[in-house]
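# Structural characterization, general
So you can see what is in the structure, the chains are spelled out below.
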Amino acid sequence: MKAIVLTSFSGPESFELRDVPKPVPGTGQVLVRVHATSINPLDYQVRRGDYPDLVPLPGITGHDVSGVVEAVGPGVTAFSPGDEVWYTPQIFDGPGSYAEYHVAAESIVGKKPPSLSHLEAASLTLVGGTAWEALAVRAALRVGESILIHGGAGGVGHVAIQLAKAMGARVFTTVREENFEFARSLGADVVIDYEKEDYVDAIMRETGGSGVDVVFDTIGGNALTRSPDALAQLGRVVTIVDVAQPQNLIQAWGKNASYHFVFTRQNRGKLDELSALIERGQLRPHVGAVYSLADIPLAHARLETPNNGLRGKIAIAVEPSTH
Ligand SMILES: NC(=O)c1ccc[n+]([C@@H]2O[C@H](COP(=O)([O-])OP(=O)(O)OC[C@H]3O[C@@H](n4cnc5c(N)ncnc54)[C@H](OP(=O)(O)O)[C@@H]3O)[C@@H](O)[C@H]2O)c1
């Protein structure tokens, strides 16, 4: 099968399109013909060498699969050949999704929502699972609460806006001005141009000084340190960005704030929850660009360029060859 193989921890040129052996499903595993995958910041973080001890080289990275079950290993009960499925491969545990075929434990695989194309489905598994974990599981967002979602035009942010609306929250989000309409179309109530206005000032103005119940940090930098300034009493902060520098959280005491640190976990349950929202018309991933498997290096270069003009996700169309 064809796969995009990472040969060294460096720039996008360190990927090679190679023929590699097709994997074989073991006990409790399914073999999936990959129709689409997508690109996440984690992919270029892996590629440039942020996690050298966790990724053996040469190796296959990639963290989203939408495809069709081709074969099942012994003991598999939930899936049969021909089923359309979607999932995020187990992160840092085996080959990723930049390939024509992938093998996964059936416990992390879900039935693909029928109303999504493979490109759409592959654009949602990692970011959707992460946003669900952050908002529903960790922040436990409640009907009538308010939330600030940073980076509302990005992969995670554009899904988080839709989830927060589905949960009945008032949504504030930071985006560039050119993305105001996009963010509103997803359900954002208040859009803040992060290039032109300080978001704490905007939150305080829009909430009459009371702040928001939840801050969802998808941007890193000093967001954790500043979050208490935008929070209401007993507010919660959820971050998905592992900033390596120490963060000063002293202001959190004044707000009785709690912090949650999320590294996305894989399971079928989360995918099924997302699927239910999709089928009710409350959630839809936005595919901002599509590249081929061979052009993954170009897709990486684009995603890691600041102000890249992207909305939502970059999806990768994987056309299986005959071998
Ligand atoms: N812990 C986990 O499990 C987990 C899971 C998924 C993602 N992540 C992390 O979460 C982060 C976001 O992921 P993603 O997939 O959403 O990335 P993405 O698709 O690249 O989106 C990032 C968004 O942030 C915006 N942005 C950049 N600087 C900003 C600022 N100062 N204020 C407001 N928005 C800003 C960008 O907008 P512009 O176009 O305006 O630059 C872009 O829309 C990455 O660091 C990723 O590694 C962690």
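Counting starts from 1 at the beginning of each chain's written sequence and moves along it residue by residue. Predicted model: local features are reported for residues with pLDDT of at least 70 only, side-chain atom pairs are reported and counted for 80 or more only, and whole-chain, interface and lining totals are derived from all residues.

### A closer look at the domain arrangement of the protein chain
Partitioning the protein chain into domains gives domain 1 (2-124 + 285-317) and domain 2 (127-261). Where a domain begins and ends is set by an automatic assignment or by a domain database. Taking only C-alpha atoms into account, the centre of domain 1 sits 28 Å from that of domain 2. This entry defines residue contacts through backbone-placed C-beta atoms, with two residues in contact when those atoms are within 7 Å. On the side of domain 2, 9 residues touch domain 1, which itself brings 8 residues to the contact. Under the grouping applied here, Gly and all other residues not named as nonpolar or charged are polar, the nonpolar ones being Ala, Val, Leu, Ile, Met, Phe, Trp, Tyr, Cys and Pro and the charged ones Asp, Glu, Lys and Arg. Of the residues contributing to the side of domain 1 that touches domain 2, the split by class is 2 nonpolar, 4 polar and 2 charged.

### Brief notes about the pairing of strand 15 (residues 313-317)
Counting buried positions along strand 15 gives 4 out of 5 residues, so the element sits mostly inside the fold. Relative to strand 15, strand 3 (residues 29-39) runs antiparallel, the two being bridged by 4 bridges. The residue of strand 15 that forms the bridge with S38 is A315. When DSSP finds two or more bridges between a pair of strands, those strands are recorded as paired. Runs of E in the DSSP output that reach at least two residues are strands. Runs of H or I that reach at least four are helices, and both are numbered from the N terminus. Relative to strand 15, strand 14 (residues 287-292) runs parallel, the two being bridged by 5 bridges. Its bridge partner lying in strand 15, A289 is registered against I314. Exposed residues have 12 or fewer other C-beta atoms within 10 Å of their own C-beta, buried residues have 20 or more, and partly exposed residues fall in between, where C-beta atoms are placed from the backbone.

### Examining the sheet that holds strand 11 (residues 212-217)
Overall, parallel pairing links the 6 strands, which are arranged 10-9-8-11-12-13 in an open sheet. If you trace the sheet from one side to the other, it starts and ends with strand 10 (190-193) and strand 13 (258-261), each paired once. Here the strands of the sheet are splayed against their neighbours by 15° on average, with no regard to which way each runs. By the bridge criterion, 5 bridges tie strand 11 to strand 12 (residues 231-239) in an arrangement that is parallel. Bridge pairing in strand 12 places D217 opposite T239. Between the N-to-C directions of two axes lies an angle of 0 to 180 degrees, each axis being a line fitted to C-alpha atoms and, for a helix, fitted only over the stretch in contact.

### Section: unusual backbone geometry
Going from L57 to P58, the amide bond is cis rather than trans, its omega being -10°. Here P58 shows up in the loop between helix 1 (41-48) and strand 4 (65-72). The phi angle at F92 is positive, at roughly 60°, despite the residue not being glycine. Looking at the secondary structure, you find F92 in the loop between strand 5 (84-87) and strand 6 (101-105). Located in the positive-phi region is N307, a residue other than glycine, with phi close to 50°. Its location among the elements puts N307 in the loop between helix 10 (296-303) and strand 15. Using a count of 8 C-beta atoms within 10 Å as the deciding quantity, one classes N307 as exposed.

### Considerations on the site of the ligand
As used in this record, a residue near a molecule or strand is one whose C-beta atom, placed from the backbone, is within 6 Å of it. For the ligand, the set of nearby residues contains 26 residues, the closest of which are P41, G151, G154, G155 and T264. Among the residues forming the shell around the ligand, the class breakdown is 14 nonpolar, 11 polar and 1 charged. In terms of domain composition, the shell around the ligand takes at least three residues from each of domain 1 (2-124 + 285-317) and domain 2 (127-261).

### Some words on helix 4 (residues 155-166)
Here helix 4 is 12 residues long and its end C-alpha atoms lie 18 Å apart, about the 16 Å a rise of 1.5 Å per residue gives. With respect to burial, helix 4 is a largely interior element, 10 of its 12 residues being buried. Burial in helix 4 covers these residues: G155, V156, G157, H158, V159, A160, I161, Q162, L163 and A164. Those residues of helix 4 hidden inside the fold are in contact with helix 3 (125-138), strand 8 (146-150), strand 9 (170-175), helix 5 (180-186), strand 11 and strand 15. The span you would expect from a helix comes to 1.5 Å times its residue count less one.

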